[in-house]
Amino acid sequence: MRNVTVKTREGKFGQSIHVGPHELVGDELPEVGGDDRGPDPFEFVLAGLGSCTSMTVKVYADRKGWPLSSVEVLVSGEKRSDAFVARRSIQLVGDLTEEQRARLLDIANKCPVHKMLTGKIEIETALVG
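Residues numbered from 1 in each chain as written. Predicted model: local features only at pLDDT ≥ 70, side-chain atom pairs only at ≥ 80, totals over all residues. Heavy atoms only, no water.

### Quick notes on the nonpolar core
Rules: Throughout, nonpolar core names a set of buried Ala, Val, Leu, Ile, Met, Phe, Trp, Tyr and Cys residues whose side chains join them through atoms within 4.5 Å. Relative accessibility under 20% of the residue-type maximum defines a buried residue, over 50% an exposed one, and the middle range a partly exposed one, all with a 1.4 Å probe and only protein chains included. For the purposes of this entry, the term helix denotes a DSSP run of H or I that reaches at least four residues, the term strand denotes a run of E that reaches at least two, and both are numbered from the N terminus. In this description, contact between two residues means that some pair of their heavy atoms is separated by no more than 4.5 Å.
Judged by nonpolar contacts, the single largest core of 17 residues is most densely connected at Val57, Trp66, Leu68, Val71, Leu92, Leu96 and Leu104. Among the secondary structure elements, those contributing two or more residues to this core are α1 (41-64), β4 (68-79) and α2 (98-108). Among the elements that take part in this core, α1 stands out by supplying 6 residues, more than any other. Once residues within four sequence positions are removed from consideration, leucine 92 is found in contact with Val57, Leu68, Ser70, Val71, Arg101 and Leu104.

### Quick word on α1
Test applied: To estimate how far a helix should extend, the number of its residues minus one is multiplied by 1.5 Å. By the criterion applied in these results, polar contacts are pairs of N or O atoms within 3.5 Å in which, for protein atoms, one can donate a hydrogen and the other can accept it, and in which residues neighboring in sequence qualify only through two side-chain atoms.
In this model, α1 (24 residues) spans 35 Å end to end at C-alpha, consistent with the 34 Å of a helix rising 1.5 Å per residue. For α1, the set of buried residues is Leu46, Leu49, Gly50, Cys52, Thr53, Thr56, Val57, Tyr60 and Ala61. In this structure, the buried side of α1 is in contact with β4, β5 (84-94), α2 and α3 (112-118). With a side-chain oxygen positioned 2.9 Å from the backbone nitrogen of phenylalanine 42, the residue opening α1 is aspartate 40.

What follows is the structure, encoded as structure tokens:
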């Protein structure tokens, strides 16, 4: 897995995010003082869950030779006082049987990011320099 490097950028919350050769921009919404130049940190997590879900389901269906032409995943989140709730809706396009659809839902719940977010997470932090 490639390292992710994040540096402050212009504005109150602006961030420059580098992953390998890719540059992304992070920010916050105007209502919390940001300039909305990119997704907020929670939206990046939701994007990771959505893209991993779509990839995992499509790869599984392709391996099985099932007629899945596309996957669309809508992920939303809600911050509550006692938990963060992620809601994921998956649209499967293709001539699939009910059994295949049910199996693909099961596979969606086994995508690596889903497993990471619902499993034990440890974060080790160190100051450098």
